[in-house]
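# Inside the fold
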Amino acid sequence: MAVAAVAFMAAVAASLLAVAAAASPVPAIYVFGDSLADVGNNNHLVTLLKADFPHNGIDYPGKKATGRFSNGKNSVDFLAENLGLATSPPYLALSSSSNPNYANGVNFASGGAGVSNATNKDQCISFDKQIDYFASVHASLVQSLGQAQATAHLAKSLFAITIGSNDIIHYAKANSATSATADPSQQFVDALIQTLTGQLQRLYGLGARKVLFLGTGPVGCTPSLRELSPTKDCSALANDISVRYNAAAASLLSGMAARYADMHYALFDSSAALLRYINQPAAYGFTEAKAACCGLGDMNAKIGCTPLSFYCDNRTSHVFWDFYHPTETTARKLTSTAFDGSAPLIFPMNIRQLSAI
């Protein structure tokens, strides 16, 4: 009887995979990262790093706060839409269900997470812990599909990663008096990349073959870091670290692809892409690229988006939703560029091309 049940479950899982594969170039998206990609994992944590309250979600279907750090959808929602898939559900919601289906994708991203386990320690799901959770998902897929089919499924799936912003923001805030030219931050970047190397290597070992790495944006231009400047300028230190981190991540991924013939990747230069909107807002349909839409205090950046915060009427005109995160409109535009754009913003291929491999 037990054997029959296992066989039945395997058949059901296989049929679900077949349906997903028929509708999209990839059967599933497995998401890792921070608040830019969190779709509700932090709702299940005892943490201050949450977004499951108004005015977050004011433009989301049903006008509800889902745990996304946004007025509406975020980048992984648009990524899924472009691939013809449903948004991958948060792992902590899925894993607590009676019969979780991991074959259609899972989102492990957690607001506050960084490359380093020390970043927002005990307030989020660290990147290492996210990979631990994926290891459990991997084992579950092997059990339900069999090793060969689970391996094939994961090889076709997309692994989307956006991590590093929180590490850089913490470093820049702690060293705000340091100029970019005199700063010894290369050691910091090197340490991040050393840790990231082990993390990406581990994901490869667990079956990741199509990797989408969404590089860190110009975090020095977030309203929170601008607000620290007497002149309200971007933090040159934070932006410089972000550029160097993205370049090092590109080198890391290039090296892995050269070493593993079956691994393919796309890296999105979020820093360069978002700086276009910040430096030339009108050219991209924005009227406000410095202040947050939702928040309190100078530039709406003293206090984050809470039920007591002010929020702007026209969210589509703002680059930033709150003191750290982009609006839904910004996320949509950036994802569109990553999906169908070209070098130097997305390379060595775009998401559409990566998905088709």
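Our subject is the structure listed above.
To keep things clear, this report deals only with the structure shown in the data block. Every chain's residues receive numbers from 1 upward, in the order its sequence appears when written. Only residues with pLDDT of at least 70 are given local features in this predicted model, and only at 80 or more are side-chain atom pairs given and counted; all residues enter the totals for whole chains, interfaces and linings. Side-chain metrics rest on all non-hydrogen atoms present in the structure, leaving aside hydrogens and water.

This part is about the packing of helix α4 (residues 127-145) against helix α5 (residues 147-156). Viewed as axis vectors pointing N to C, α4 and α5 meet at an angle of 130°, and their least axial separation amounts to 7 Å. Considered as vectors, α4 and α5 are oriented oblique to each other. The two elements α4 and α5 meet at a crossing, and its hand is right-handed. Note on element contacts: α5 touches α4 through Gln-147, Gln-149, Ala-150, His-153 and Leu-154, opposite Phe-134, His-138, Leu-141, Val-142 and Leu-145. Here the residues of the contact of α4 with α5 are counted per class, giving six nonpolar, four polar and no charged. Every axis in this analysis is a line fitted to C-alpha atoms, fitted for helices over the stretch in contact. Angles between the N-to-C directions lie between 0 and 180 degrees. Helix and strand labels come from DSSP, where a helix needs a run of H or I of at least four residues and a strand needs a run of E of at least two; each type is numbered from the N terminus. Orientation is classified from the angle alone, with under 35 degrees giving roughly parallel, over 145 giving roughly antiparallel, 65 to 115 giving roughly perpendicular, and any other angle giving oblique. Left-handed is the label given to a crossing in which the near helix is rotated counterclockwise from the far helix by less than a right angle, and right-handed is the label when the rotation is clockwise. We call two residues contacting when some pair of their heavy atoms lies within 4.5 Å. Only Asp, Glu, Lys and Arg are considered charged in this grouping, and only Ala, Val, Leu, Ile, Met, Phe, Trp, Tyr, Cys and Pro are considered nonpolar; every other residue, Gly among them, is considered polar.

Turning our eyes to something else, we now look at the packing of aromatic side chains. In summary, the pairing rule links any two rings of Phe, Tyr or Trp, Trp by its six-membered ring, whose centres are within 6.5 Å, and it sorts them by plane angle into stacked for under 30 degrees, edge-to-face for over 60 and tilted for everything else. Applying the stated criterion across every chain yields a total of 17 aromatic pairs. Taking 5.8 Å as the distance between ring centres and 80° as the angle between the ring planes, the aromatic pair formed by Phe-32 and Phe-134 counts as edge-to-face. Remark: Phe-134 occurs in helix α4 and Phe-32 occurs in strand β1 (residues 29-33); sequence separation between them is 102 residues. For the pair formed by Phe-32 and Phe-134, the shared burial category is buried. In this scheme, a residue with accessible area under 20% of its type's maximum is buried, one over 50% is exposed, and one in between is partly exposed, where area comes from a 1.4 Å probe on protein chains only.

Attention shifts here to unusual backbone geometry. Following Pro-54, the chain continues to His-55 via a peptide bond in cis, the omega torsion being 10°. The omega angle of the peptide bond from Ala-343 to Pro-344 is 10°, so this bond is cis rather than trans. Residue placement: Pro-344 occurs in the loop between α11 (328-340) and β10 (346-347). The residue Lys-63 is not glycine, and still its phi comes out positive at about 50°. The topology assignment puts Lys-63 in the loop between β1 and α2 (75-82).

Before going further, it helps to spend a moment on the environment of Asn-314. Its location among the elements puts Asn-314 in the loop between β8 (310-311) and β9 (318-320). Since its relative accessible area comes to 41%, Asn-314 is described here as partly exposed. Spatially, the C-alpha atom of Asn-314 lies 8.5 Å from that of Cys-293, the residues being 21 residues apart in sequence. In this structure the side chain of Asn-314 is engaged in a polar contact, spanning 2.5 Å, whose partner is the side chain of Thr-316. We define a polar contact as two N or O atoms separated by no more than 3.5 Å, with the added condition that, inside protein, one atom must be a possible hydrogen donor and the other a possible acceptor, whereas residues neighbouring each other in sequence contribute only through side-chain atom pairs.

This part takes up the environment of Asn-71. Along the chain, the position of Asn-71 falls in the loop between β1 and α2. Asn-71 sits 258 residues away from Thr-329 along the chain, and the two C-alpha atoms are 9.3 Å apart.

This part is about the pattern of salt bridges. Whenever a carboxyl oxygen of Asp or Glu lies within 4 Å of a side-chain nitrogen of Lys or Arg, that contact is scored as a salt bridge. All told, the structure shown has 10 salt bridges when counted by the stated rule. The closest approach of N and O atoms between Arg-352 and Asp-340, which form a salt bridge, is 2.5 Å. Placement of Arg-352 in helix α12 (residues 351-356) and of Asp-340 in helix α11 is noted, with a sequence separation of 12 residues between them. Judged by relative accessible area, which is 46%, Arg-352 ranks as partly exposed.

Within a regular strand, the side chains alternate between the two sheet faces. Counted residue by residue, β1 has five buried out of five residues, so it is predominantly covered. Side chains Ile-29, Val-31 and Gly-33 project from β1 onto one buried face, and the interleaved Tyr-30 and Phe-32 project onto a second face that is buried too. Here a strand pair is declared whenever DSSP counts at least two bridges between the two strands. Relative to strand β3 (residues 158-162), β1 runs parallel, the two sharing five bridges. Each bridged residue has a counterpart across the sheet, and for Ile-29 the counterpart in β3 is Leu-158.

Once that is clear, we can look at the nonpolar core. Think of a nonpolar core as a cluster: buried Ala, Val, Leu, Ile, Met, Phe, Trp, Tyr and Cys residues, connected wherever their side-chain atoms sit within 4.5 Å. Core analysis: the biggest nonpolar cluster contains 56 residues, and Tyr-30, Phe-134 and Leu-196 have the highest contact counts within it. Residues Ala-160, Cys-221, Ala-273 and Val-319 belong to the second largest nonpolar core, which totals 34 residues.

Attention now goes to α5. Ala-150, His-153 and Leu-154 are the residues of α5 that are buried. An end-on view of α5 places all buried positions within 95° of arc, on one side of the element. This arc describes the spread of directions from the helix axis toward the C-beta atoms.

Of all five residues making up strand β4 (residues 210-214), five are buried, and the element is well covered by its neighbours. The alternating pattern of β4 places Lys-210, Leu-212 and Leu-214 and Val-211 and Phe-213 on opposite faces, both of which are buried. Bridge count between β3 and β4: four bridges; the pairing is parallel. Paired with Phe-159 across the two strands is Val-211, which belongs to β4. Inspection of the sheet shows β4 paired to strand β5 (residues 264-268) by five bridges, in the parallel sense. Across the sheet, residue Leu-214 finds its bridge partner in β5, namely Phe-268.

With that out of the way, let us pick up the sheet that holds β1. Within the open sheet, the six strands sit side by side as β2-β1-β3-β4-β5-β10. Their pairing is mixed. Taken across any chain shown, the strands that pair with only one partner, and hence form the sheet edges, are β2 (106-107) and β10. Where α2 meets the sheet, it contacts β1, β2, β3 and β4, and its direction lies at approximately 165° from that of β1. Sheet contacts for helix α9 (residues 236-259): β4, β5 and β10; angle to β5, the most-contacted strand, approximately 170°.

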